[in-house]
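Spelled out, the chains give:
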Amino acid sequence: MGKKKSRFETEVIHSGYWPNEHQDSLVPPLYQTSTFTFTSAEQGERRFAGQEEGFIYSRLGNPTVKILEERMAVLEQGEAGLAFSSGMAAVSAVLVALTKTGDHILCSQGVYGCTFGLLELLKGKYGIEHDFSLMESAEALDQEILPNTACIYIETPINPTMKLVDLELVAMVANKKGIPVVVDNTFCSPYIQTPLTLGCNVVIHSATKYICGHGDVIAGLVIGEKEFIRQVSRTTQKDIGGIISPFDAWLLLRGIKTLPVRMDRHCENALRLFEFMKSHPKIESVYFPGDPEHQDYSIAKKQMKQSGGLISFTIKGSKVSAQQFMNQLQLIKIAVSLGDAETLIQHPATMTHAVVPEEERKKMGIEDNLLRLSVGLEAWEDIQEDLDQALERI
Ligand code: LCS
């Protein structure tokens, strides 16, 4: 590609990779190796001392993984990227890198269940406190940012309530105080939302989801400034060790090429299904950023290019009604995860957010009759017909 910057749809296919550096192979090769050989003892010494560029050992870097990291940095418009064995390995490496005992994390009012679990672990074991915030105004944020606040952690849209956080607003307040803003961009992918361009400092992905797109890899990614990425790479990644396998990086490089094509279809399907669900008499409420009546619609318009492929909704009735409905589905699969070709449905209160105590769950807005639909790439008419027949039966 040379140095010329191309459009997103081109960068997902080409960025970070130059065939002439790899035997002219069209597709990035899979360097499935744990270690790299040195031509001499002195060369090994120079590589360890950082005096000579080159690979050493795959926990410290691998050529296939490097292509993925560079491509993701381009797509998120950041300086550098780092790949991990899971989204949670990425979240924990970043939070451990940014905090120490006695610090405080200000977090969006709702996060993925295991991120909540990690915050609790940091508090219990290391005395790193956290508070949840709606992050609705600069005045409130000013009050909620404490002298010991080490970072702000945001999911937007929030899993699974689909509430949004105004990234530009939070970044404006935090930048003035020099506090890094970390954004989990899993629900959007960089095709829909690029937090770094809005003033945020670090982006995290569960690459398991839209980045992979095919439901066959668990992986994580972090993108940010070169110096921060270098620090994480040399500390919490190297010494805790949650690195991605070269094969999984290779699968992600394959999947990512179709990200824009897939996202367009996920979004178009979700928009059609939202319209159907919104008017269905057995559905109580629908939470979807593309809904002009969504509480954060103006934020969606401002920072998201499309409304995404996830829809949360409550079934009229109780948890039992929600579970009965799930059990009637035929095409739609009952499974956690999201962003796959297959349409998936899950029950957050007993699945992704089961680890969150009931009182906290309610504060986040996770009711017992709430369901989350990850709209897949099937014909939307078939997904709608499946939803319709299952709703008929309850
Ligand atoms: N961040 C978000 C927003 C997530 O949704 C998840 C996983 C993670 C981080 C962690 O990533 P992982 O380690 O699984 O790659 N979310 C899941 C979900 O909603 N259903 O199953 C997993």
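As a reminder, the structure under discussion sits directly above these lines.
Fair warning: this is a prediction, and the values are worked out from it, not measured in the lab.

**Notes on the site of the ligand**
- The ligand sits among 17 residues. The nearest are Asp184, Ser206, Thr208, Lys209 and Arg372.
- Asn159 is positioned with one of its side-chain polar atoms (N or O) 3.0 Å from an oxygen atom of the ligand.
- The contact in question runs from a nitrogen atom of the ligand to an N or O atom on the side chain of Asp184, over 2.5 Å.
- When the ligand is considered free in solution it has 480 Å² of accessible area, and contact with the protein chains removes 93% of it.
- Across the shell around the ligand, the residue classes tally to five nonpolar, eight polar and four charged.

**Observations regarding the packing of aromatic side chains**
- Scanning all chains against the criterion turns up seven aromatic pairs.
- Ring centres of Phe313 and Phe325 lie 6.1 Å apart, and the angle between their planes is 85°; on these two criteria the pair is classed as edge-to-face. Placement of Phe313 in strand E9 (residues 310–315) and of Phe325 in helix H12 (residues 319–328) is noted, with a sequence separation of twelve residues between them.

**Here's the deal with helix H3 (residues 63–76)**
- The end-to-end C-alpha distance of H3, which contains 14 residues, comes to 20 Å, matching closely the 20 Å that a straight helix rising 1.5 Å per residue would cover.
- Among the 14 residues of H3, eleven are classified as buried, and the element is accordingly described as predominantly covered.
- Residues of H3 that are buried: Pro63, Thr64, Val65, Ile67, Leu68, Glu69, Arg71, Met72, Ala73, Leu75 and Glu76.
- For H3, the secondary structure elements touched by its buried residues are helix H1 (8–14), strand E1 (80–84), strand E6 (202–206), strand E7 (220–224) and helix H9 (246–256).
- You can read the cap of H3 off the contacts: a side-chain oxygen lies 2.9 Å from the backbone nitrogen of Thr64, and it is on Asn62.
- The first or second residue beyond H3 is Gln77, which carries a positive phi of 60°.

**Observations concerning the environment of Ile154**
- Topologically, Ile154 is positioned in strand E4 (residues 149–155).
- Non-local contacts of Ile154, meaning those with residues more than four positions away in its chain, are made with Ser108, Met135, Val165, Leu167, Val170, Val181, Val182, Val183 and Asp184.

**Some details on the sheet that holds strand E8 (residues 283–287)**
- Taking strand neighbours across the sheet as the criterion, the five strands line up as E8-E9-E12-E11-E10 in an open arrangement whose pairing is mixed. Edge strands, defined here as strands with exactly one partner in the open sheet, are E8 and strand E10 (333–334).
- Of the pairings in the sheet, the one linking E8 to E9 comprises four bridges and is antiparallel in character. For Ser285, the partnering residue across the bridge sits in E9 and is Thr314.

**Observations regarding the pattern of salt bridges**
- Under the criterion given, the structure shown has 15 salt bridges.
- Here Asp239 ties to Lys238 by a salt bridge, and the two come within 2.8 Å at their closest N and O atoms.
- With relative accessibility at 29%, the residue Lys238 sits in the partly exposed group.
- Notably, a salt bridge pairs Glu358 with Lys362, separated by 3.1 Å at the nearest N-O pair. One end of the pair is Glu358 and the other is Lys362, both in helix H13 (residues 358–364) and four residues apart, which spans about a single turn.
- Residue Lys362 is classed as partly exposed on the basis of its relative accessible area, which comes to 31%.
- Put simply, Arg46, Arg47 and Glu52 are held in one network by salt bridges that share partners.

**Let's talk about the pairing of strand E3 (residues 129–133)**
- Strand direction decides the pairing type here: strand E2 (residues 104–108) and E3, joined by five bridges, are parallel. Bridging from a neighbouring strand, His104 pairs with Glu129 of E3.
- Between the parallel pair E2 and E3, the chain is carried across by helix H5 (residues 113–126), and the sense of this crossover is right-handed.

About the criteria used
Residues numbered from 1 in each chain as written. Predicted model: local features only at pLDDT ≥ 70, side-chain atom pairs only at ≥ 80, totals over all residues. Heavy atoms only, no water. Near = heavy atom within 4 Å. Polar contact = N/O pair within 3.5 Å; in protein donor to acceptor, adjacent residues only side chain to side chain. Areas by Shrake-Rupley, 256 points an atom, 1.4 Å probe, with all protein chains shown as cover. Nonpolar A, V, L, I, M, F, W, Y, C, P; charged D, E, K, R; others polar. Phe/Tyr/Trp six-rings, centres within 6.5 Å; stacked < 30°, edge-to-face > 60°. Helix = DSSP H or I, 4+ residues; strand = E, 2+ residues; numbered from the N terminus. Expected span 1.5 Å × (residues − 1). Buried < 20%, exposed > 50% of the residue type's maximum accessible area, 1.4 Å probe, protein only. Contact = heavy atoms within 4.5 Å. Pairing = 2+ DSSP bridges. Salt bridge = Lys/Arg side-chain N within 4 Å of Asp/Glu carboxyl O. Right-handed = clockwise from strand over helix to strand, strands pointing away.

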